[in-house]
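Secondary and tertiary structure notes
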Amino acid sequence: MTVVALKQVTTGRNGVGAFILQCKKMDFHYCDWAGSSKGMNGFIKSILPKFAAAHPQIEFTVSPRPSKHPVIIGHYINGREKAICVRNLEPLQILKKVELLRDASGEKLRRVTKPVQSINESVRGVWSPYHGNGIQV
Amino acid sequence: MRRLARLPSSPSVLPTSSTTTGARTAAASLLKCELIKTQNLSSARPNRQTWQNGIQSQRRCLSSTSQLAATEKTTPGSDAEAAAVVADEVVEYEEEEFVQRRRAKKSKRAPIQTDLVFPDAIKGTAAPGEVTDPDYVPAESGLGLEEVGGLEGWWDNPQHWGPSKKYVGYGPREKITEPEMLEVLTRRALTEAIAASFFSQQEKRPGHRSGKLPALSTIEPLKGDTIKTTDKTKLELKADGTPRLATVGDYFRILQVLRRPPPRDEATSLPVPPTPGITIWKARALLKKWQNSDWKSASLADPALKFHVAKRLYYLTGHMVPDAKLLIVKTAGDLVAQVVTPPQPKKLIEVLEASELPTLPNVQMFPRRVTPVDKEKMVGRWKIITKELQQRDLPIIGTGGYGKAVEKKWAAGN
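Residues numbered from 1 in each chain as written. Chains lettered and ligands numbered in written order. Predicted model: local features only at pLDDT ≥ 70, side-chain atom pairs only at ≥ 80, totals over all residues.

Looking at an unreviewed UniProt entry, one finds chain B named Large ribosomal subunit protein mL50, with Podospora didyma as its source organism. Note on chain B: under the UniProt heading Subcellular location (unreviewed entry), the record states "Mitochondrion". In the Sequence similarities (unreviewed entry) part of its UniProt record, chain B is described as follows: "Belongs to the mitochondrion-specific ribosomal protein mL50 family." (UniProt positions renumbered as here; feature names shortened; annotations may be inferred.)

Chain A is annotated in an unreviewed UniProt entry as Large ribosomal subunit protein mL43 of Podospora didyma. The UniProt entry for chain A carries the following text under Subcellular location (unreviewed entry): "Mitochondrion".

And the structure:
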């Protein structure tokens, strides 16, 4: 049973509402033999148990992928995936990547020019050409 | 190679002379001899004729010195030709004598004793005219006739080789692989090599009376009592790490072991390969007993001792340490590390099973790669997919021999 965002019953007003982590699942792929997986294997052995225990809302899967570089794949509630190759990285460097995946929204990367969005209607209302006095040209 | 017969120095045939002309002609003949030799040597592959000529020329050279001097007195003008004629006569006489002597020697030679199985003597069959069988019809061609006899493949049959021709390798039949047994046997090899190198040094001293030490290759294979001897023997390390046995009695106890005759198979009298003669449990018990001992740090800086230990270890365990590796072996512990195969590294999944990770409710672990089929099975779609594919007579896994879409190629304009 995968994590699904709760259906909106009430409308949150300007950030006053429940926070839901966008990352619902993380896959960890490693290779037993290859040297590029050395850091990944160390991460899975030493750091992942604590990280997984600290994030019960995320589902974790660990599976080998022989003769391939190590990869972490994040799955998000919007249905998108984000994969990061962690070849030749140290365990602490991998932890940074895992945190990045955890904090990501799952959306495509794009520049955010207006960080604040509001769903409230404007006090002035929406302009309409059929209302008002009209403009004399 | 034929041996050269020595010429008898008969005064009638070969008179001696010390005149100056005689010496000069002798020098000339020697020069001629050298020229002939050079000619023979210069040809890369001389045939048999050339070789025989060379031998004869050499013989002529050997016998011509004083004989030429004698002939020169009578006919100084044709000295070389006359000398050659006389020398040829002498050589012919010698060759005849040589052949007779060789024949006599051959007839006296005992028959060769061997356990090889030879084929039977050739059997003859009756000629077509002598056959009494009325049904016999001689064949008109060889086609379809059965082939009988022949020596083809005779030596490919192992039964035709005698037991003495059986290959007996150096060391045990199979390599010993258990690390504990290898460690015990390395210590045994070390103690015996110390004693062997000590007594071999004693042998080199003048006036020793201990008798010759047997070669290390012929030492008795491993027995239980020998392990006891090794266990009883105390190793000591000098200040520079050189190992030695604690008491003189230890040296002589091991010498007794080394001097035992090597066991041989009664039937074939071939040496018997050594057997371990020790169980893994016994080896573990011994290692537990020796764990406080520092025998592994014994220095093998002395090359003689190092080679003794390596050779003995090869005989006892079947592990030959190559020279390149011997170079980096400094102590007995290094030697153990060379022969012991490190254990296979554990897989990550095996390590994780012992950790707290599988106990977490939000963690799943898989021992092998998760394939697309596995993913379909997890969500319960695989049965449906299989059923639908079967209905359409399509391959369930793989492409079923269908190639890539040709239309793609057309669209790309390739």
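**Points about the overall build of chain A**
When helices and strands are tallied, chain A shows three helices and four strands. Helices and strands in chain A line up, N terminus first, as β-α-α-β-β-β-α. Look at the contacts in chain A between residues 6 or more apart in sequence, and 72% of them connect residues 24 or more apart. (Helix = DSSP H or I, 4+ residues; strand = E, 2+ residues; numbered from the N terminus. Contact = placed C-beta atoms within 7 Å.)

**What to know about helix H1 (residues 38-46) of chain A**
Since the α-helix turns once every 3.6 residues, residues separated by three or four places project in the same direction. Turning to H1(A), its buried residues number three or more, namely A:Gly39, A:Met40, A:Phe43 and A:Ile44. Buried residues of H1(A) fall within an arc of 135° about the axis and therefore sit on the same side. The secondary structure elements touched by the buried residues of H1(A) are strand S1 (23-30), helix H2 (48-54), strand S2 (59-64) and helix H3 (91-103) of chain A together with helix H11 (348-353) of chain B. (Buried ≥ 20, exposed ≤ 12 C-beta atoms within 10 Å, placed from the backbone. Arc of directions from axis to C-beta.)

**Description of the interface of chain B and chain A**
With 16 residues of chain B at the contact, the number on the chain A side is 19 residues. Of all the secondary-structure elements, those providing two or more residues to the side of chain B that touches chain A are H11 and strand S3 (363-365) of chain B. Considered class by class, the residues forming the side of chain B that touches chain A number nine nonpolar, three polar and four charged. Pairing analysis gives three bridges linking S2(A) to S3(B), with the strands arranged parallel. (Nonpolar A, V, L, I, M, F, W, Y, C, P; charged D, E, K, R; others polar. Pairing = 2+ DSSP bridges.)

**Considering the packing of H1(A) against H3(A)**
Two measures define how a pair of helices packs: the angle their axes make with one another and the distance between the axes. All names here are of chain A. Between H1 and H3, whose axes approach to 8 Å, the crossing angle comes to 75°. Our classification of the angle between H1 and H3 gives roughly perpendicular. Only Pro91, Ile94 and Leu95 of H3 make contact with H1, whose side of the interface consists of Gly39, Met40, Gly42, Phe43 and Ser46. Residue composition of the contact of H1 with H3, by class: five nonpolar, three polar and no charged. (Axes fitted to C-alpha atoms, helices over the stretch in contact; angles between N-to-C directions. Parallel < 35°, antiparallel > 145°, perpendicular 65-115°, else oblique.)

**Considering the nonpolar core**
With 28 residues, the main nonpolar core has B:Met181, B:Leu185, B:Ala189, B:Leu190, B:Ala193, B:Val309 and B:Leu313 as its most contacted residues. With eleven residues, the top contributor of residues to this core is helix H4 (residues 179-204) of chain B. Not counting the four nearest positions on each side in its chain, B:Leu185 is found in contact with B:Ile176, B:Leu313, B:Leu316 and B:Thr317. In this structure, A:Ile44, A:Ile72, B:Leu352 and B:Leu357 belong to the second largest nonpolar core, which totals 22 residues. (Core = buried A, V, L, I, M, F, W, Y, C linked by C-beta atoms within 7 Å.)

**Description of the environment of A:Val3**
Residue and element names in this part refer to chain A. Within the fold, Val3 resides in the segment before S1. Distance in space between the C-alpha atoms of Val3 and Lys25 is 8.3 Å, their sequence separation being 22 residues. Val3 has contacts with Lys24, Gln57 and Ile77, leaving out every residue within four places of it along the chain.

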